[in-house]
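Chain by chain, the residues run as shown.
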Amino acid sequence: MTAHNLIIIGSGPAGFTAAIYAARANLKPLLFEGLAKGGQPGGQLMLTTDVENYPGFPEGVLGPEMMDLFRKQAARFGTELLQQDVTAADFSKRPFRVTSDGKEYSANAVIIATGASANWLNIPSEKALQGHGVSACATCDGFFFKGKEVVVVGGGDSAVEEATFLTKFATRVTIVHRRAELRASKIMQDRARANKKIDFIWDSAVTDIQDPAQKKVTAVVLKNLKTGAVSEKKTDGVFMAIGHTPNSEIFKGQVALDAKGYIGVHDGTLTNVPGVFACGDVQDHKYRQAVTAAGTGCMAALDAERFLGAGH
Ligand code: NAP
């Protein structure tokens, strides 16, 4: 077993920001980036193209390029980086233990920054067209659909909120929902229904997206779940809004999670286990932005530094 002062799990904006702060505070953090295969080192930004809303990049920056810069900055101050997944954690006593690649690592403090993953439909072409008209983040990518038509999949608050947001750019936004009733709150539903740019297709599933050969979205294939009828609808983009899943599975039973699996935090980034901190999307279902994730990553490092400095 190798012993460390601080272990950071996750390599999105939250994890790398925590690492930059912790390394500069001389805490010599070890950061598990996750595996390129299966996991998603770099987090959700690896799935986007241009990032135009991260302060400091007036010309915009590619998502993967930005994460490479975060990574370099964390490494520059001496963060030890391991491209491995953490597969188990034991926070029942200190030092805490995490398992990766069959090996055990111990630490006096742990920062969890494993993020969340957007849920996808798992249909043909969806992956090939991610970043080319298929997105799970209207805030990130809506701007690219100025004067175009888009489809939003889902019936919850996210779907309705994203559809409403997208009308700032798109000429028409069609919400495709698998039932005939929205799950979204009444006030958000009313707003969407009153918006002349939004229309609805009910009781329908998107079963395929065209056209990967052109590397752009041209249409969705729809199946009416009541009648079985299959049709095609022309569109320039598809936004998935069918929920997110926090990447907290391995921490079940180790730290308190809410009903949806998000890690509970109080007073900044403190979990119910003293010495274990959580930041970024694994503890935030509300804001979910790179800049807010980075902000909480900084908070987690400062909280960990204070905890370790208090002689723990
Ligand atoms: P959600 O409430 O879980 O809604 C997910 C939607 O996607 C549901 O309508 C669901 O259909 C649909 N769906 C799920 N899997 C699907 C699949 N495989 N194929 C097709 N459709 C599928 O998720 P959310 O909208 O992201 O909201 C998450 C939480 O954040 C909620 O508590 C929400 O209230 C909150 N939120 C709040 C705000 C706000 O207040 N401003 C904004 C966004 C989110 P069914 O309805 O048939 O299950």
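Along each chain, residue indices are assigned from 1 in the same order as the chain's sequence is written. The predicted nature of this model means local features are confined to residues of pLDDT at least 70 and side-chain atom pairs, given and counted, to a pLDDT of 80 or more, with totals for whole chains, interfaces and linings taken over all residues. Note that water and hydrogens are dropped before the side-chain values are worked out from all heavy atoms of the structure.

This next bit is on the domain arrangement of the protein. Just so you know, the domain bounds were taken from an automatic or database domain assignment. Under the domain assignment, the protein is made up of domain 1 (2-117 + 244-309) and domain 2 (120-240). Taking only C-alpha atoms into account, the centre of domain 1 sits 31 Å from that of domain 2. Between two residues, a contact is recorded if the distance between any of their heavy atoms is within 4.5 Å. Counting residues at the interface gives seven residues for domain 1 and nine residues for domain 2. In the sections that follow, a salt bridge refers to a side-chain nitrogen of Lys or Arg positioned within 4 Å of a carboxyl oxygen of Asp or Glu. Taken together, the connections running from domain 1 to domain 2 amount to zero salt bridges. Any pair of nitrogen or oxygen atoms within 3.5 Å is treated as a polar contact; in protein, a donor-acceptor pairing is required on top of that, and neighbouring residues in sequence qualify only through side-chain atoms on both sides. At the boundary of domain 1 and domain 2, one finds zero residue pairs in polar contact (both at pLDDT 80 or more).

Another aspect to go through is the sheet that holds strand 14 (residues 204-210). Strands sit in the order 14-15-16 across an open sheet of three strands; the sheet is antiparallel. If you trace the sheet from one side to the other, it starts and ends with strand 14 and strand 16 (230-234), each paired once. Geometrically, the sheet is characterised by an average inter-axis angle of 30° between neighbouring strands, direction not taken into account. Any two strands are treated as partners once DSSP identifies two or more bridges connecting them. By the criteria applied, helices consist of DSSP H or I runs no shorter than four residues and strands consist of E runs no shorter than two, each listed in order from the N terminus. In the sheet, strand 15 (residues 219-224) pairs with strand 16 via five bridges, with the strands oriented antiparallel. Looking across to strand 16, one finds that Val221 is bridged to Glu232. For helices, the fitted line uses only the C-alpha atoms of the stretch in contact; every axis is such a line through C-alpha atoms, and the angle between N-to-C directions lies from 0 to 180 degrees.

This part is about helix 4 (residues 157-166). Of the positions making up helix 4, those classed as buried are Ala159, Val160, Glu162, Ala163 and Leu166. Along helix 4, the residues classed as buried sweep out an arc of 165° about the axis, all on the same side. Where helix 4 is buried, its residues meet helix 3 (138-141), strand 11 (149-153), strand 12 (172-176), helix 5 (186-194), strand 13 (198-201) and strand 17 (237-240). Burial classes: relative accessible area under 20% of the type maximum marks a residue as buried, over 50% as exposed, and values in between as partly exposed (1.4 Å probe, protein chains only). Throughout, the arc means that of the directions going from the helix axis to the C-beta atoms.

With that settled, consider the pairing of strand 8 (residues 103-112). The element strand 8 is largely enclosed, with a buried count of seven among its ten residues. Summarising the sheet, strand 1 (residues 2-9) and strand 8 pair through seven bridges and their orientation is parallel. By the bridge assignment for strand 8, Ile9 is matched with Ile112. Where strand 7 (residues 96-100) meets strand 8, five bridges bridge the pair, whose relative direction is antiparallel. Its bridge partner being in strand 8, Val98 is matched across the sheet by Tyr105. Hairpin connection from strand 7 to strand 8: two residues lie between these consecutive antiparallel strands, with Asp101 at a positive phi of about 55°. Direction of pairing for strand 8 relative to strand 19 (residues 276-278): parallel, over a ladder of three bridges. The partner of Val110 across the bridge, within strand 19, is Val276.

Another point: the state of the cysteines. Disulfide assignment relies on a single distance test, namely cysteine sulfur atoms paired within 2.5 Å. One pass over the full model with this rule turns up one disulfide. Each sulfur in the disulfide pair Cys137 and Cys140 lies 2.1 Å from the other. Negative torsions about the S-S bond denote left-handed disulfides, and the value of about 80° found for Cys137 with Cys140 makes this one right-handed. For Cys137, a relative accessible area of 18% gives the class buried. Assessed through its relative accessible area of 23%, Cys140 is described here as partly exposed. Cysteine Cys279 shares no disulfide, and the gap to the nearest cysteine sulfur, in Cys298, comes to 9.9 Å. Given a relative accessible area of 0%, Cys279 falls into the buried group.

Among the secondary structure elements, Gln84 is positioned in the loop between strand 5 (80-82) and strand 6 (86-90). Overall, Gln84 belongs to the buried group, its relative accessible area being 15%. Ignoring sequence-local partners within four residues, the contact set of Gln84 consists of Phe32, Glu33, Gly34, Leu35, Ser100, Asp101 and Tyr105.

All right, on to the packing of aromatic side chains then. Two aromatic rings, drawn from Phe, Tyr or Trp (for Trp, its six-membered ring), form a pair once their centres lie within 6.5 Å of each other, and the interplanar angle then sorts them: stacked below 30 degrees, edge-to-face above 60, tilted otherwise. Under the defined criterion, the tally for this structure stands at eleven aromatic pairs. Relative to Phe251, the ring of Phe91 lies with its centre 6.1 Å away and its plane at 10°, an arrangement referred to as stacked. You can see Phe91 sitting in the loop between strand 6 and strand 7 and its partner Phe251 sitting in the loop between strand 18 (244-246) and strand 19, a full 160 residues away along the chain. Both residues of the pair, Phe91 and Phe251, belong to the buried class. Note on Phe165 and Phe169: the rings are 5.4 Å apart at their centroids and 70° apart in plane angle, and the pair reads as edge-to-face. Following the ring pairs from residue to residue traces out a cluster consisting of Phe143, Phe144, Phe165 and Phe169. Think of it as a cone above the ring: NZ of Lys or CZ of Arg counts as a charge over the ring if it is within 6 Å of the ring centre and within 35 degrees of the ring normal. Between the NZ or CZ atom of Arg24 and the centre of the ring of Phe77, over which it lies, the distance is 5.3 Å. Across from the ring centre of Phe200, 5.6 Å away, lies the NZ or CZ of Arg193, which sits over that ring.

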